[in-house]
Amino acid sequence: MALRKKALRPTARWGALTLALCAAGSLRAQAPRPVAFIAENYDVSATLDTIRQSLTATAKVDFKALEVSGNVRVELHPNLEVQTVKSPDGKSLNFERDHQNPLFLMVTVPSPVGAGGHLSLTFTYTGLLANEENSPVPGVRAAVINHDFAYLLLASRWFPLTDYPSNRYTGTFRLNVPAAFAVAGTGKAAAPTPSPGKNPIDGDRIIYTFECKNAAPNGTFVAGNLQLNPQQAEGVSVAVYAPRSASANSGDFAASVARSMTVFSDMFGALPDPAMSVIQIPDGTLREFAGPGVLLLSQRAWDPKLNDRTIARLVASQWWGNEVLPASPSDVWISDGLARYSEALYAEQNAGREAGLKAVDEFAVGALMFEDAAPIAQAARLAPYSADYRSVVMNKGAMIFHMVRAQMGDVAFKSLLHDFYTKYEGKSARIDDFAAMAQQHAQASVRKGDAPPELRGFFTQWLNSTGIPEFTLDYVVYRTPKGFRISGKIKQPLDTFRMPVELRIDTEGNAELKTVDVIGSESDFTVETFGRPKPGGIRIDPNNLILKASTNLRARAAVARGEELAEQGRYYDAVVQYQRALSIQPNRPLANFRMGEAFFYQKNYQASANAFREALQTVPEPAEKWTEVWSHIYLGKIFDLLAQRERAVNEYSKARQTNDNTGGAQQVAEGFLKKAYTEGEKTAVAPGAGGTATPAAPAAIPPPSEGNRPVLKKRTDPAQFLP
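Residues numbered from 1 in each chain as written. Predicted model: local features only at pLDDT ≥ 70, side-chain atom pairs only at ≥ 80, totals over all residues. Heavy atoms only, no water.

Engineer: What exactly am I supposed to notice about the packing of helix 13 (residues 605–617) against helix 14 (residues 626–641) here?
Structural biologist: Angle between the axes and distance between the axes: these two values describe a pair of packed helices. Two elements in contact, helix 13 and helix 14, have axes separated by 9 Å at closest approach and are oriented at 155°. In this view, helix 13 runs roughly antiparallel relative to helix 14, as classed from their interaxial angle. Like other packed secondary-structure pairs, helix 13 and helix 14 cross with a definite hand, here left-handed. Facing helix 13, whose interface residues are Tyr605, Ser608, Ala609, Phe612, Arg613, Ala615 and Leu616, helix 14 presents Glu628, Ser631, His632, Tyr634, Leu635, Ile638, Phe639 and Leu641. Of the residues belonging to the contact of helix 13 with helix 14, the class tally is ten nonpolar, three polar and two charged. (Axes fitted to C-alpha atoms, helices over the stretch in contact; angles between N-to-C directions. Helix = DSSP H or I, 4+ residues; strand = E, 2+ residues; numbered from the N terminus. Parallel < 35°, antiparallel > 145°, perpendicular 65-115°, else oblique. Left-handed = near helix turned anticlockwise from the far one by under 90°. Contact = heavy atoms within 4.5 Å. Nonpolar A, V, L, I, M, F, W, Y, C, P; charged D, E, K, R; others polar.)

Right under this line is the structure:
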């Protein structure tokens, strides 16, 4: 039976939430149980009932036994009630849901199957898929069917899966949908066939059939008002599926996909099938998702120019996440972490070194958000797509690849990625597989007489432990016959830390770069320079080759946590994070601006105005200069709401005088100069700040009373995938 959530009285919610969190933590800490059977092929026929918001399906699954067993365990969305499970001869078999985790369904077969043996079972099931209730991805609508659209992401387990996310399989998927719907997804689509409806209310139907002949994590589909826009760019076939009103930029999507395909094909090796489909998915679920040959972007992210880097990461997921799969939920660093770092590789190749370093800076901020949630090698403890998962696996994971690259050198690192893909294409890999190959490449590429980098200890330190160093420096400068000697100590809080750390020494002549082997919490060093060091002219890790904490990064991480809470409508909690950022770095304009924004949507207009005034008191960093123009716009909106039109016009005029058009600010200000802002009025603003929009600050979920509020993305945003 599908589980149902009971409504809780307000006084009981906190206690129930505490118990739920404890239970979830306990379950996450358990090691994944080994599977006895893996699915090799599917034949799925599913009917999507958009009136009743339900799915009814039959799935024939061909299994292979990995060990002698008479119990088949599959993963199936808890809302989907299994009616029968039958053997090939049509006999009904016993089955039951796991009492501790209803995601799992256990089927008992009459006699054990030997290792290497095969078994076919047919499942019939039905259930509601209306919202995120009981979703296998906590808090995320991973599968939804409603009147206007439907989507079935693989992560929802809408058909019986084994060993997610590591299994690959072939299959045929038949989706019966309303005649007005089009369907796009994984596999090669045959011509749709009409099907009569069961009654006049249901109306005419149509069946879409998808053949998935390549063994991969197939089974992601979107249905609705989609129009196919076939495109060709740089020899790459790109099919863009979107409503007619959103299809004008199909060529730009194809160009973005083709650029990424070209960069990654040269860097990693060619994909077996380079054809791609870009599909618009409705808002209310993940901001983006990738499956074999398909790239899903939500309506709020449907802009190929602002999301060029996001598209690059989804394309990279075709290598790291579809062709090379993690061997277990604890090995997702080699898929999600490497796909995230591929954004920086793409940005560097496409727009230059500074663009790549900007991406790395965002990874560092994202890593600091929830770094201590778990070590990367224990990613199975984290809920996929959650904030801590993104922080640990994706952002910190990307930074570790960046640090490996810095220690190995560009040539050896890119050779490593190419060889790793070549060896594990079409297979699953473990973290240890990548670490072993990295050590081999590092040793093979070192110059004669030089010592190879110590990667074994590096991987142990960064993948199996939490903690990020925060460096401080004490030193004294002495004059010598040949120049100057600098003696000092590098300090940081991690007792087990060991890495080579660069020092940049600005002198009265040319700047000099020195490397110090930092071991433990305090390391002595002595370096010689020819020129006299300038006062305060010594910087630790000037090229940001190491993931490290600092006042600036910790403040930005707190702001990012607040932004994420605000996107969920949790404005009170968001304000707490913005205040924390201000306690770390007082008077930071971005923190004050975001706090003003949160108060505005709480309708606390006095507090909001105070925060925006504070934001205007300090000169912002160049990347956050847009807070000035938008502070004036928000102040104008506040005065309009308070019926103080003259003061509102004054603020809009000041916004115009900044000449800053971030997020379409000039057009918005001009519009409000002509017509006063009213509560509930929509302000359609493209996320801006110039350059590509990263996955860090997904478009906001609008407050009920406000409509679509403007979403202003700063240049260094760490979060992503918000539902």
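On we go from here.
Engineer: Would you mind going over helix 2 (residues 250–268) with me for this structure?
Structural biologist: In an α-helix, one full turn covers 3.6 residues, which means residues spaced three or four apart are oriented alike. Across its 19 residues, helix 2 extends 26 Å between first and last C-alpha, which sits within 8% of the 27 Å expected from 1.5 Å per residue. Along helix 2, the residues classified as buried are Ser250, Phe253, Ala254, Ser256, Val257, Ala258, Ser260, Met261, Val263, Phe264, Met267 and Phe268. (Expected span 1.5 Å × (residues − 1). Buried < 20%, exposed > 50% of the residue type's maximum accessible area, 1.4 Å probe, protein only.)

Engineer: Quick question: what am I supposed to make of helix 3 (residues 308–316) here?
Structural biologist: Most of helix 3 sits out of view: nine of its nine residues are buried. Listed as buried for helix 3 are Asp308, Arg309, Thr310, Ile311, Ala312, Arg313, Leu314, Val315 and Ala316. Where helix 3 is buried, its residues touch helix 2, strand 19 (288–291), strand 20 (294–298), helix 4 (336–351), helix 5 (353–369) and helix 6 (387–408).

Engineer: Sorry if this is basic, but what is going on with the pattern of salt bridges here?
Structural biologist: Opposite charge on two side chains allows them to pair when their charged atoms are near. One pass over the structure, following the stated rule, counts 38 salt bridges. A salt bridge links Arg174 to Asp43; the nearest nitrogen and oxygen atoms lie 2.4 Å apart. One end of the pair, Arg174, is in strand 10 (residues 169–178); the other, Asp43, is in strand 1 (residues 37–49), with 131 residues separating them in the sequence. Accessibility expressed as a relative area gives 28% for Arg174, which makes it partly exposed. Across the salt bridge formed by Arg656 and Glu670, the nearest N and O atoms sit 3.1 Å from each other. On the criterion of sequence distance, the pair formed by Arg656 in helix 15 (residues 645–657) and Glu670 in helix 16 (residues 665–674) is long-range, its members being 14 residues apart. A relative accessible area of 34% means that Arg656 is categorised as partly exposed. Taking relative accessible area as the criterion, Glu670 reaches 27% and is therefore assigned partly exposed. (Salt bridge = Lys/Arg side-chain N within 4 Å of Asp/Glu carboxyl O.)

Engineer: Which parts of the structure should I look at to understand the packing of aromatic side chains?
Structural biologist: Aromatic ring pairs are described here by two measures, namely the spacing of the ring centres and the angle between the planes. Enumeration according to the criterion identifies 44 aromatic pairs in this entry. Seen from their ring centres, Phe210 and Phe221 are 4.9 Å apart, and the 50° between their planes marks the pair as tilted. Here Phe221 lies in strand 15 (residues 221–224) and Phe210 lies in strand 14 (residues 205–216), a separation of eleven residues in the sequence. If you follow Lys637 out to its NZ or CZ, it ends over the ring of Tyr677, 4.7 Å from the centre. (Phe/Tyr/Trp six-rings, centres within 6.5 Å; stacked < 30°, edge-to-face > 60°. Lys NZ or Arg CZ within 6 Å of the ring centre and 35° of its normal.)

Engineer: Just checking my understanding: could you explain the side chain of Asn167 for this structure?
Structural biologist: Within the element layout of this structure, Asn167 appears in the loop between strand 9 (150–152) and strand 10. Asn167 gets classed as buried once you look at its relative accessible area, which sits at 8%. Among the polar contacts made by the side chain of Asn167, one reaches the main-chain carbonyl oxygen of Ala39 at a distance of 3.0 Å. Beyond its immediate stretch of four places on either side in the chain, Asn167 contacts Ile38, Ala39, Thr162, Pro217 and Leu325. (Polar contact = N/O pair within 3.5 Å; in protein donor to acceptor, adjacent residues only side chain to side chain.)

Engineer: Just to check I follow, could you spell out the nonpolar core for this structure?
Structural biologist: Most often, soluble globular proteins have nonpolar side chains that are buried together. Counting residues in each nonpolar core, the largest one holds 104 residues, and the members touching the most others are Trp333, Phe434 and Phe459. With eleven residues, helix 6 is the largest single contributor of residues to this core. With residues up to four places along the chain from it excluded, the contact list for Phe434 reads Trp333, Ile334, Phe401, Leu416, Leu417, Phe420 and Phe459. In terms of nonpolar packing, the next biggest core, distinct from the first, is built from 70 residues, Ala46, Ala142, Ala223 and Phe289 among them. (Core = buried A, V, L, I, M, F, W, Y, C linked by side-chain atoms within 4.5 Å.)

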